[in-house]
Amino acid sequence: MCSIIAYKGYRDAAPLIVRGLSMMEYRGYDSVGLATVHNSRLVVRKGVGNVGHVNARLNLDGMYGSVGIGHTRWATHGVVNDINAHPHVSCDGRVAVVHNGIVENHVELRSMLTTRGHIFRSETDSEVIAHLLEYLPTPVVYDGNSISKALLDLTSMLSGSYSFVALVHDGTLVGARNHEPLIIGLGNPRKGRDGMLFADECFIASDVLAFIGHTDKAVFLADGEAFIVREAQKGLSIEVYDRHGKVAKDVTQVAWEFADIDKGRFAHYTIKEIHEQRDTISRAFSIEGSRVHEVVRTLLASRRIVVTGSGSSYHAALMAKHLLSRICMVGCDVVVASEFLYSMDTHYVDDDSNCDHGVGPVLLAVSQSGETADVLDAVRMARSKGFRILSLVNSPLSTLARESDLFLSINAGPEIGVAATKSFTAQVALLYRICMEMAKAMGRSTMEIDIGNPSMHVGSILEGEEHIASTAERIKDASSVYIIAKGIHHVIALEGALKLKELAYVHAEAIHAGELKHGPLALIDGKSVVIALNPMDQTYRDMLTSVHEVKSRGAYIIGISDAESSLYDTILAIPGVEPLLYPLYEVIPLQLLAYHMALKRDCNPDYPRNLAKSVTVK
Ligand code: AGP
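Residues numbered from 1 in each chain as written. Predicted model: local features only at pLDDT ≥ 70, side-chain atom pairs only at ≥ 80, totals over all residues. Heavy atoms only, no water.

## Here's the deal with the overall build of the chain
Inference 1: Along its length, the chain carries 19 helices and 27 strands.
Inference 2: Taken against the 2.2 N^0.38 rule, which gives 25 Å for 618 residues, the C-alpha radius of gyration of the chain at 26 Å falls within 12% of a compact globule.
Inference 3: Across its three principal axes, the chain shows a C-alpha extent of roughly 75 × 60 × 45 Å.
Inference 4: Taken over 618 residues, the chain has a buried fraction of 62%.
Inference 5: In the chain, of all internal contacts separated by at least 6 residues, the share reaching a separation of at least 24 is 71%.
Inference 6: Here the chain has roughly 22,900 Å² of accessible surface; of this, 50% comes from carbon and sulfur atoms.
Inference 7: Side chains of the chain give 59 positive and 71 negative charges; the mean places of these two sets differ by 2 Å. (Helix = DSSP H or I, 4+ residues; strand = E, 2+ residues; numbered from the N terminus. Rg over C-alpha atoms; globule rule 2.2 N^0.38 Å. Buried < 20%, exposed > 50% of the residue type's maximum accessible area, 1.4 Å probe, protein only. Contact = heavy atoms within 4.5 Å. Areas by Shrake-Rupley, 256 points an atom, 1.4 Å probe, with all protein chains shown as cover. Lys, Arg positive; Asp, Glu negative; His and termini not counted. Charge placed at Lys NZ, Arg CZ, Asp CG, Glu CD.)

Structure follows, in structure tokens:
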């Protein structure tokens, strides 16, 4: 997923843009570029590498001008090279464009423009936007009507999910969004008599993080909206249009404290966010009740519950299945978002959507970013089948939140590290809360569970970090790591395996412990590393039997438990808690182990190769 940021105002644009791009690098990058206007001339600098490297090589933050656009690219169309980096420029050099998403009809547009004499320099789909802005019957000029008409003509020609910002040689900024986030940050915003919006300076970015240090006042563009930012008598004017004409937009106060976004004393965002779980688990569990009760009422009234998510959020969805069953005696289906299209039997669902009572089928979508394309597609498909949409998000202003009938925020604060850590346990904590409230509403008060003192429990695990780091040293050259578990703990084994893959680039596999003898045991030998998730609950004794099986084949055994055993070569201790709450805590040693293995294997834990924080393209 690419990142966009633009600036127009009274300050030098380039340093602000470079800083903003750095704040969004967790979204993925393989090349970086900037364009500014200085003395009515467009200047473009771009190249392969991360923000720090390209800035050092091309002196990006030394570019002149008080208006500019910037971009970090995560390649979808066209190889990673300097030419394919953004910004892309029109033939006449009057317009530069940065783009996020995919222009699905770029081939047809490119051939139409080429036959009209346009010369393309890159292999990207994005470059067509720059040439279209030049080609349109109403070129990009000052007059409000023509520029807005040009923009809306342009967006009507594009298909796919995109957001873009174009810098015109006269310093005007224009752009639009369709299914890709684009937020306008405003410095000292105010409204004119006719409702027109003015500001002293303006940021346009893919994520609030890019400008939160400068302003917490923002306008969120909706799909199909286009904007123009240009000089006005009272500073800058900000106009927003959709196909019906001008749109009056409200200015939103963005909640996140800038302080959350700094690494502070930590070497990486990832380890900072692992430590933040001292607070985020409680915060997620104890969100204000009224909205939880509304979600509970909807779930109780639904004839069918389907839960979906991707990656770690899919694992949280699997946790929902266990918790709904164990705490509420309620069943649900879990479908991984990327398979939703294939696994959802429309006939079966249509039967449900005609149900004559309650709210019909309900989809609970789990997503940290609220921008994951697979999840949004699943939500849109489910809605077309008559599902009501509930969601758990970390970004209350995200597309998923806006497209849900009801959403709850996991309230975990910004998660910058690509690997989901605090967001996963916050999702699970909130699912515990929802299930407990549901059980209460169903009169199953016997299932009331005391969440206890998460800060103390997380703290006790973090005290073992040094031992976990030395364990990472012991297994850093393992070619595979097997995580064996039973029951609900198998979900945590899946999550731990994902952490090891994405942080340390080591193959890891979750195995139902009871399935070892049905095949996987053939993999185990004296070089194998096996992690046994074995807290003192109903699975404990059977797990020891499975540990015996792998021990006798010479494997190195890492126990994750609140009980010692001579079977383990080493133990990563977790606190003794209410048995149903073990999953919240046993995942943390796995997060720490994956983080420290990443360091031992020279992997960058915050920005794993090939991955992005939020996968907004399919
Ligand atoms: C998890 O560590 C990964 N970063 C990834 O699997 C992530 O959980 C997945 O892409 C879903 O993201 P979302 O929660 O923002 O929808």
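Moving on from the coordinates now.
## Regarding the site of the ligand
Inference 1: Of all residues adjacent to the ligand, which total 14 residues, the nearest are Ser313, Ser367, Ser369, Thr372 and Glu502.
Inference 2: Take serine 367: an N or O atom from its side chain is 2.7 Å from an oxygen atom of the ligand.
Inference 3: Summarising the interface, the protein chains cover 91% of the accessible area of the ligand, which totals 410 Å² for the free molecule.
Inference 4: Elements represented by at least two residues in the shell around the ligand include exactly helix 9 (311-328) and helix 17 (489-504). (Near = heavy atom within 4 Å. Polar contact = N/O pair within 3.5 Å; in protein donor to acceptor, adjacent residues only side chain to side chain.)

## A short note on the sheet that holds strand 9 (residues 183-187)
Inference 1: Pairing is antiparallel in the open sheet, where eight strands are placed in the order 3-2-4-1-12-9-13-17. Two strands lie at the open edges of the sheet, namely strand 3 (41-48) and strand 17 (252-253), each paired on one side alone.
Inference 2: Where strand 2 (residues 31-38) lies against strand 3, eight bridges are found, and the strand directions are antiparallel. Looking at strand 3, one finds that alanine 35 is bridged to valine 44.
Inference 3: Relative to the sheet, helix 2 (residues 51-58) contacts strand 2, strand 3 and strand 4 (67-73), its axis offset from that of strand 3 by approximately 125°. (Pairing = 2+ DSSP bridges. Axes fitted to C-alpha atoms, helices over the stretch in contact; angles between N-to-C directions.)

## Notes on the sheet that holds strand 20 (residues 361-367)
Inference 1: What the five strands build is an open sheet, ordered 19-18-20-21-22; its pairing is parallel. One side of each edge strand has no neighbouring strand; the edge strands of this open sheet are strand 19 (333-336) and strand 22 (406-409). Going across the sheet, the axis of each strand differs from the next one's by a mean of 20°, ignoring polarity.
Inference 2: Bridge count for strand 18 (residues 304-309) against strand 19 is four bridges, and the pairing is parallel. When the sheet's bridge partners are listed, threonine 308 is paired in strand 19 with valine 335.
Inference 3: Against the sheet, helix 9 contacts strand 18, strand 19 and strand 20, and its axis sits at roughly 170° relative to strand 19.
Inference 4: In the packing of helix 14 (residues 422-441) onto the sheet, contacts are made with strand 20, strand 21 (388-393) and strand 22, and the angle to strand 21 comes to roughly 130°.

## Re the pattern of salt bridges
Inference 1: For the structure on display, the rule yields 21 salt bridges.
Inference 2: A salt bridge links arginine 94 to aspartate 92; its shortest N-O distance comes to 3.2 Å.
Inference 3: The class for arginine 94 is partly exposed, based on a relative accessible area of 31%.
Inference 4: On the basis of relative accessibility, which here comes to 37%, the residue aspartate 92 falls in the partly exposed class.
Inference 5: Put simply, glutamate 276 and lysine 422 hold a salt bridge, and the shortest N to O gap is 2.5 Å. Of the two residues, glutamate 276 sits in the loop between helix 6 (269-275) and helix 7 (277-285) while lysine 422 sits in helix 14, which places them 146 residues apart along the sequence.
Inference 6: Overall, lysine 422 belongs to the buried group, its relative accessible area being 1%.
Inference 7: Linked through salt bridges whose partners overlap, the residues forming this network are Glu473, Lys476, Asp477 and Lys600. (Salt bridge = Lys/Arg side-chain N within 4 Å of Asp/Glu carboxyl O.)

## Quick look at the state of the cysteines
Inference 1: All chains considered together, the criterion is met by zero disulfides.
Inference 2: Looking at the unpaired cysteine 435, the closest cysteine sulfur is the one in cysteine 328, lying at 4.5 Å. (Disulfide = S-S within 2.5 Å.)

## Some points on helix 18 (residues 540-551)
Inference 1: For helix 18, with twelve residues, the first-to-last C-alpha span of 16 Å sits near the 16 Å given by 1.5 Å per residue.
Inference 2: Where helix 18 is buried, its residues contact strand 23 (480-485), strand 25 (529-533) and strand 26 (556-561). (Expected span 1.5 Å × (residues − 1).)

## Brief notes about unusual backbone geometry
Inference 1: Residue proline 87 is bonded to the preceding histidine 86 through a cis peptide linkage, with omega at 5°.
Inference 2: Positive phi outside glycine occurs at asparagine 39, with the angle close to 55°.
Inference 3: Among the residues examined, asparagine 39 registers a relative accessible area of 67% and is labelled exposed.
Inference 4: In this structure, histidine 179 takes a positive phi of about 70° despite not being glycine.
Inference 5: Inspection of the secondary structure puts histidine 179 in the loop between strand 8 (173-178) and strand 9.

## As for the side chain of serine 31
Inference 1: Position of serine 31 relative to the elements: it lies in strand 2.
Inference 2: For serine 31, the side chain forms a polar contact with the side chain of aspartate 30, separated by 3.0 Å.

## Observations concerning the packing of aromatic side chains
Inference 1: Counting across every chain of the model gives three aromatic pairs.
Inference 2: A network of ring pairs unites the aromatic residues Tyr7, Phe203 and Phe211 as a single cluster.
Inference 3: If you follow arginine 291 out to its NZ or CZ, it ends over the ring of phenylalanine 407, 4.7 Å from the centre.
Inference 4: The aromatic ring of tyrosine 556 is capped on one face by arginine 474, whose charged end is 3.8 Å from the ring centroid. (Phe/Tyr/Trp six-rings, centres within 6.5 Å; stacked < 30°, edge-to-face > 60°. Lys NZ or Arg CZ within 6 Å of the ring centre and 35° of its normal.)

Read these as geometric descriptors, not functional statements.
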